[in-house]
Amino acid sequence: MNFTFAAHLRTGLREGFSSPLAAALSLLTGGLIVAIAWVSIRWLLLEAVWPWQEADACRETTGLCWPFLTEKVRLILFGTYPFDLQARPAAVSVMLCLLAVLTCRQMVGKPPRLNAGQLAAIWVLVIGLSFVLMGGGVFGLQAVDPVRWNGLPILLILSIVAVALAFPLGVLLTLARVQTSHPILALLASSYVEITRGVPMLTVLFVGIFVLPLTLPAGVSISPVMATLVALVFFHASYFAEDIRGGLLSLPAGQGEAANSLGMTYWQATRLVVLPQAIRRSLPSLVNSLIGAYKDTSLVVVVGIHDLTATARMSFGDPEWRDNALEAYVLVGLWFFLSCAYLSGIGRQLHRNSAS
Amino acid sequence: MIPPSPPPPAEKRLHLSDIAAVGGLALVLALAVFNVLANMEAAGVSPGFGFLVREAGFDVSSSLIPYAPSDSYARVILVGLANTVFLAAVCLVLATVIGVVFGLVSVGPSPIGRALALAYVEVFRNLPKLLVLLILFVLAVNGLPHVREAISVGPFHLSNRSVNFPVVVSNQRMWFAVAAAVVGLGIGFLWRARHKLADRRSGAAETAAINLLPIALPLLAILVFQVPVTVSVPELKGFDFQGGGRLSLQFVVIAATLGIYHGAQIAEVVRGGLLAIPKGQTEAAKALGLTPWQSIRLIVLPQVIRIVIPPMNNQYVNLVKNTSIAIAVGYSDLMSVSGTIINQSFKPLEMMLITMGLYLALCLGLTTTFNRFHRRLTRRETR
């Protein structure tokens, strides 16, 4: 182990200083790495105030303030959700994470192997249970207003539920778009997809928050969380549609024709032959869009939904902790980095699977 | 062998399902419009775009065109649009430079450089842009000095409020120099159009001279017409800098965020493009006796550009759309201006139509330009 490391180091150094250009580049980037590492180590370790120290010590240093994190971690995770009931959002967060991991494992063909029906049933069950646990009001659970659904659970609900609903809508949009014998349907679907992809997500969120309530009849109201969810579904659907269309177009036309010649109806051929293959082919780009959708869910803070980014802002809102913004944001960043890195890993694996 | 039969001609008649789908959609839309009208009437607001000429009454954080709160809503939308376009242009250049540099480093000769480029791409691919923006904003506000202790490099000053720099003050005679530059560019353009089909090897000296014209002519004009060149230098007076040019901290932070965030993605695009060129190409160039620089300029670069244009187009469109996150730190771009107008005037439907239309136009314009460019390049390839 030591030997191979030394050998790697030797070959690396030899390569890195093989020419004047390489040497200059190595020195420059090496210096940059050392500088970044030094600043990080100083902030993380050398000047940090440890959890067992007094919080007052944070005012003397510029390093990481652990007492702030230990005091505010529940506020960052669950926001203003009633403090005594926070086991519920915690359970929802764990459930939704497990659901995401389970689905990812299915995509790359790892156990437990489930069929599509079982997976769909689990999705419906978990999402239903999430709303029941968050909202309460049934089975003796105390009711909690959606305004107080904050932090991690709302981020997961908005991203996972939006993706779950946007995916079938994306499939339908794709199918409508590739119809050659229904030109009007195809035109409607393609203009919808192109227009949605040509505007920022924030404009769609604004439409959900400000315009959607206006289109409802008088007396009917929609909570901001639901309005945001609807906006996210309609926005993500067109990105998914574009990915699935890529897979569909790469599928040889013979597949659908063969299914037709076997006497299958359009829906049979689509459901059993065309779509499964098209979706499998588009999985790598779908995972990319998925990561984008998940990261962009953090934009809901602009329309007043308190996801992780907003609860982080709450945590350093009171004057006592004004200087600890970086700690809160780094914690949120760490969560996003780890979860996205997991999804990226799944994407890479899919890429390898489709290449082999 | 029997040739495959041609596909059956697509039917062009209208299906019942088409009519049903369109009818259903029209019904839903009609219902929505009816509800909107009813709700607006209940709130005492009449629909229409008449509000655009009314007085806006709110100020913006920065503006490229003259603006006062007493101006109309239409004008403040224009201010927002100009800010968005300016921000997008700056970010575009920044992201491209960062992306190309890191893309080159990631396939370069230094393993340390490759590791750094890889880590950079990986970190920013896994972080939401909003979080990057907020972290950079916090770091800038807390980390940079107050205006009075601004970091100064010559006439450039950086504080936690703004970046101040000297600018050339425009005057009436300046137009001579501008006109000279336009003439210089025009001559270059015409010359190139005439010599497009001519042998490229001849006239290298002329090309160099023509390329210098847009710089030489204005300088000549400044000397001949005695254009006064006055430079306004920022100076600390009271609580802030007076004179010179000023970019707000918000602008600088958003530009840096989008530059770094999209730089990482562009680096990946550039890396992909460079790796897609088979090794045989450079080896063949070497065998033909081309120098390394010639091989890059004549063999590698033309192929890389053709590969990266479609994904770059995608990146640029995303970048233009992502400028809208500027609203989170209060830079007066199109999105933030339209948010303020919605809150003030209760015209969400009209304002969102305008805002989405403008963003759509920006993105479509960019895509069209890129597609034309790509077509031109690929046409040259097939010739």
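None of the values given here were measured: they were computed from a predicted structure.

About the cut-offs
- Residues numbered from 1 in each chain as written.
- Chains lettered and ligands numbered in written order.
- Predicted model: local features only at pLDDT ≥ 70, side-chain atom pairs only at ≥ 80, totals over all residues.
- Heavy atoms only, no water.
- Contact = heavy atoms within 4.5 Å.
- Buried area = accessible area lost by both parts, 1.4 Å probe.
- Salt bridge = Lys/Arg side-chain N within 4 Å of Asp/Glu carboxyl O.
- Helix = DSSP H or I, 4+ residues; strand = E, 2+ residues; numbered from the N terminus.
- Nonpolar A, V, L, I, M, F, W, Y, C, P; charged D, E, K, R; others polar.
- Buried < 20%, exposed > 50% of the residue type's maximum accessible area, 1.4 Å probe, protein only.
- Patch = residues over 30% accessible without salt bridge, like charges linked within 9 Å, V, L, I, M, F, W, Y side chains within 5 Å.
- Areas by Shrake-Rupley, 256 points an atom, 1.4 Å probe, with all protein chains shown as cover.
- Domains from an automatic or database assignment.

Caption draft 1: Region of interest: the interface of chain A and chain B. Taken residue by residue, the interface counts 56 residues in chain A and 55 residues in chain B. Of the roughly 4900 Å² buried between chain A and chain B on both sides combined, carbon and sulfur atoms contribute 73%. Among the residues of chain A in contact with chain B, Leu214, Lys295 and Tyr329 of chain A are the three that bury the most area, contributing 13% of the side total. In this structure, the connection of chain A to chain B is made through 2 salt bridges. The partner of aspartate 296 of chain A in a salt bridge is lysine 129 of chain B, and the shortest N-O contact between them spans 2.5 Å. Mapped onto the side of chain A that touches chain B, the elements with two or more residues apiece are α1 (2-16), α2 (20-46), α7 (183-197), α8 (201-211), α11 (266-296), α12 (308-315) and α13 (325-355) of chain A. With 11 residues, α13 of chain A is the single largest residue contributor to the side of chain A that touches chain B. Looking at the side of chain A that touches chain B, its residues break down into 34 nonpolar, 15 polar and 7 charged.

Caption draft 2: View of the pattern of salt bridges. Per the counting criterion, the structure on display carries 8 salt bridges over all chains. Measuring nitrogen to oxygen at the nearest pair gives 3.0 Å for the salt bridge that ties arginine 177 of chain A to glutamate 242 of chain A. With arginine 177 of chain A in helix α6 (residues 151-177) and glutamate 242 of chain A in helix α9 (residues 224-249), this pair connects stretches of sequence that are 65 residues apart. Exposure remark for arginine 177 of chain A: the relative accessible area of 17% places this residue in the buried category. Glutamate 268 of chain B is paired through a salt bridge with arginine 271 of chain B; the nearest N and O atoms lie 4.0 Å apart. Remark: arginine 271 of chain B and glutamate 268 of chain B occur in helix α7 (residues 249-275); sequence separation between them is 3 residues, near one turn of the helix.

Caption draft 3: Geometry of unusual backbone geometry. Across the junction of proline 111 of chain A and proline 112 of chain A, the peptide omega takes the value 0 degrees, indicating a cis bond. Among the secondary structure elements, proline 112 of chain A is positioned in the loop between α4 (87-107) and α5 (116-135).

Caption draft 4: Seen up close, a nonpolar patch on the surface. On the surface, a cluster of nonpolar side chains totalling about 580 Å² of accessible area is made up of Trp38, Val39, Ile41, Leu44, Leu45 and Leu46 of chain A. Tracing the sequence through the fold places valine 39 of chain A in helix α2.

Caption draft 5: The domain arrangement of chain A, seen in detail. Each domain of chain A was delimited in the assignment, giving domain 1 (2-46) and domain 2 (66-355). Its C-alpha centre places domain 1 of chain A at a distance of 40 Å from the equivalent point of domain 2 of chain A.

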